[in-house]
Amino acid sequence: QIPEDTAQKRVRELAMLSKQLQQVHPNVLAKILKKETLYQNEEIVVINKPYGLPVHGGPGIKNCITDVLPILAKMLDNMKAEPLHLCHRLDKETTGVMVLARSKEAADRIRLLFKTRQVEKIYWAISLGEPEPTEGIVEIPIVEKEVQSHQSHYKMTLAPNYRLSPEDGKVVKIRKNRNAESAVTRYRRLASSSACSLLELQPITGVKHQIRVHLAYGLGCPILGDHKYSHWSKLAPQKLPEITLRRLKLEKSKARHLPLHLHAHRLSLPLGERIDLVCKPPRFFQKTLKKLKLDIPND
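Residues numbered from 1 in each chain as written. Predicted model: local features only at pLDDT ≥ 70, side-chain atom pairs only at ≥ 80, totals over all residues. Heavy atoms only, no water.

Trainee: What's the story with unusual backbone geometry in this structure? I'm lost.
Mentor: As a rule of thumb, non-glycine residues mostly have phi less than zero, and peptide bonds are mostly trans rather than cis. Across the junction of Glu132 and Pro133, the peptide omega takes the value -5°, indicating a cis bond. Counting through the fold element by element, Pro133 comes out in the loop between strand 5 (120-128) and strand 6 (135-139). The backbone of His209 shows a phi angle near 60°, a positive value even though the residue is not glycine. Inspection of the secondary structure assignment puts His209 in the loop between strand 12 (196-203) and helix 5 (210-218). At Lys293, a residue that is not glycine, the phi angle is positive and equals roughly 60°. With respect to the secondary-structure elements, Lys293 resides in the segment after helix 7 (283-291). The class of Lys293 is exposed, set by a relative accessible area of 53%. (Helix = DSSP H or I, 4+ residues; strand = E, 2+ residues; numbered from the N terminus. Buried < 20%, exposed > 50% of the residue type's maximum accessible area, 1.4 Å probe, protein only.)

Structure below.
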């Protein structure tokens, strides 16, 4: 029996933590979120969303952020406080800055700011490989499609407006997919090492899974721990390069437990004055950066 390496243990712990968040009492969950409060004023409360916690409920989901908003409001203010309101959403596995509003009016106003693209959002992600060029803009529409494989499932994917003609290699415009949403992501490489990169991402639009799809299918650099978008036709764990596994001290068979390394790092809200909200990446993300020798920029 080989003693379990700390990296393997950490990866297992994260999977466990995600499960535990589903089992704790809603009051305990609200307490965790209260501890993760980054900023508050009379209009908004900003939290650092933990890994593995869904924003909305659904089949098999016992605990989600939406459910504990009334409890959190009472804990922050007083027993008479009205429930907090969601202003935007983050994927279950994404961590970082999340804005909640204290009133329906404030929520509507902030949702409109998101919708009209007046909120500046900066994400950090660790990706496999290095984008070419190291800085640029991905502007490819995205659509949801059913993947026909032994296990049928749905995924977001690219619906480009152009392709290369097989006959002469010329660029040909394709008829636009009616259901595709336009999607634009700015990206910039901050560091690279161990066959991975630390990227700064700014989604200009807000399509479901946009950053994950643009990185994986647009740039060929899937996010570390993104098992869903590392292949197209199958549901299988991400394949990691030898050097990455070695640096992470991870066995190939344990790679499937690796968490998604996508973090909502900064959010800039124009509410009268511009409110700049910054949130450090979670511990597991920082440890991965250290192991992969990716230097965090001082900002």
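Trainee: Sorry, what's going on with the pattern of salt bridges here?
Mentor: For side chains of opposite charge, pairing can occur when their charged atoms come near one another. Counted by the stated rule, this structure contains twelve salt bridges. Of the charged contacts in the structure, one is a salt bridge between Arg111 and Asp108, with a shortest N-O distance of 3.1 Å. Of this pair, Arg111 and Asp108 both sit in helix 4 (residues 104-115), three residues apart, roughly one helical turn. Note on Arg111: relative accessible area 35%, which makes it partly exposed. (Salt bridge = Lys/Arg side-chain N within 4 Å of Asp/Glu carboxyl O.)

Trainee: Explanation requested: the packing of aromatic side chains in the structure shown.
Mentor: Each aromatic ring pair is described using two quantities: the centre-to-centre distance and the angle formed by the ring planes. If you walk through the whole model with that rule in mind, you get three aromatic pairs. Where Tyr217 meets Trp232, the ring centres are 6.0 Å apart and the plane angle is 80°; that geometry is what we call edge-to-face. Of the two residues, Tyr217 sits in helix 5 while Trp232 sits in the loop between helix 5 and helix 6 (242-248), which places them 15 residues apart along the sequence. Look at Trp232 and you get partly exposed, because its relative accessible area is 33%. (Phe/Tyr/Trp six-rings, centres within 6.5 Å; stacked < 30°, edge-to-face > 60°.)

Trainee: How do you make sense of empty space enclosed by the protein when you look at a structure like this?
Mentor: Over the atoms, a rolling probe the size of a water molecule traces out where space has been left empty. Scanning the model with the defined rule gives one cavity of 30 Å³ or more in all. Considered as a void within the structure, the largest cavity measures approximately 70 Å³ in volume. Taken together, eleven residues line the largest cavity, and the ones lying closest to its centre are Arg10, Val11, Leu248, Leu258 and Thr288. Listing elements by their share of the lining of the largest cavity, those giving two or more residues are helix 1 (6-23) and helix 7. Residue contributions to the lining of the largest cavity peak at four residues, all from helix 1. Structurally, the lining of the largest cavity is a two-domain feature, drawing no fewer than three residues from each of domain 1 (7-116) and domain 2 (120-298). (1 Å grid on protein atoms, 1.4 Å probe; cavity = no way out; pocket = protein on both sides within 12 Å on 5 of 7 lines; lining within 4 Å. Points joined across faces, edges and corners; volume = space filled by probe spheres on them. Domains from an automatic or database assignment.)

Trainee: Explain the environment of Arg117 to me, please; I cannot follow it from the model alone.
Mentor: By the secondary structure assignment, Arg117 is in the loop between helix 4 and strand 5. A sequence separation of 46 residues divides Arg117 from Arg163, and the C-alpha atoms of the two residues are 29 Å apart. Those residues in contact with Arg117, other than ones at most four positions away along the chain, are Ile204 and Thr205. (Contact = heavy atoms within 4.5 Å.)

Trainee: What should I look at first to understand the side chain of Ser127 in this one?
Mentor: Note that Ser127 resides in strand 5. For Ser127, a relative accessible area of 0% translates into the label buried. Among the polar contacts made by the side chain of Ser127, one reaches the main-chain carbonyl oxygen of Gly129 at a distance of 3.4 Å. When near neighbours in sequence (up to four residues on either side) are disregarded, Ser127 contacts Ala195, Cys196, Ser197, Leu199, Cys221, Pro222, Ile223 and Leu224. (Polar contact = N/O pair within 3.5 Å; in protein donor to acceptor, adjacent residues only side chain to side chain.)

Trainee: Explanation requested: the domain arrangement of the protein in the structure shown.
Mentor: Frequently, the measure chosen for interface size is the accessible area removed from exposure when the parts meet. Taken domain by domain, the protein consists of domain 1 (7-116) and domain 2 (120-298). Taking only C-alpha atoms into account, the centre of domain 1 sits 23 Å from that of domain 2. Taken together, the contact pairs 26 residues of domain 1 with 31 residues of domain 2. When domain 1 packs against domain 2, close to 2,400 Å² is buried across both sides, 69% of that on carbon and sulfur atoms. (Buried area = accessible area lost by both parts, 1.4 Å probe.)

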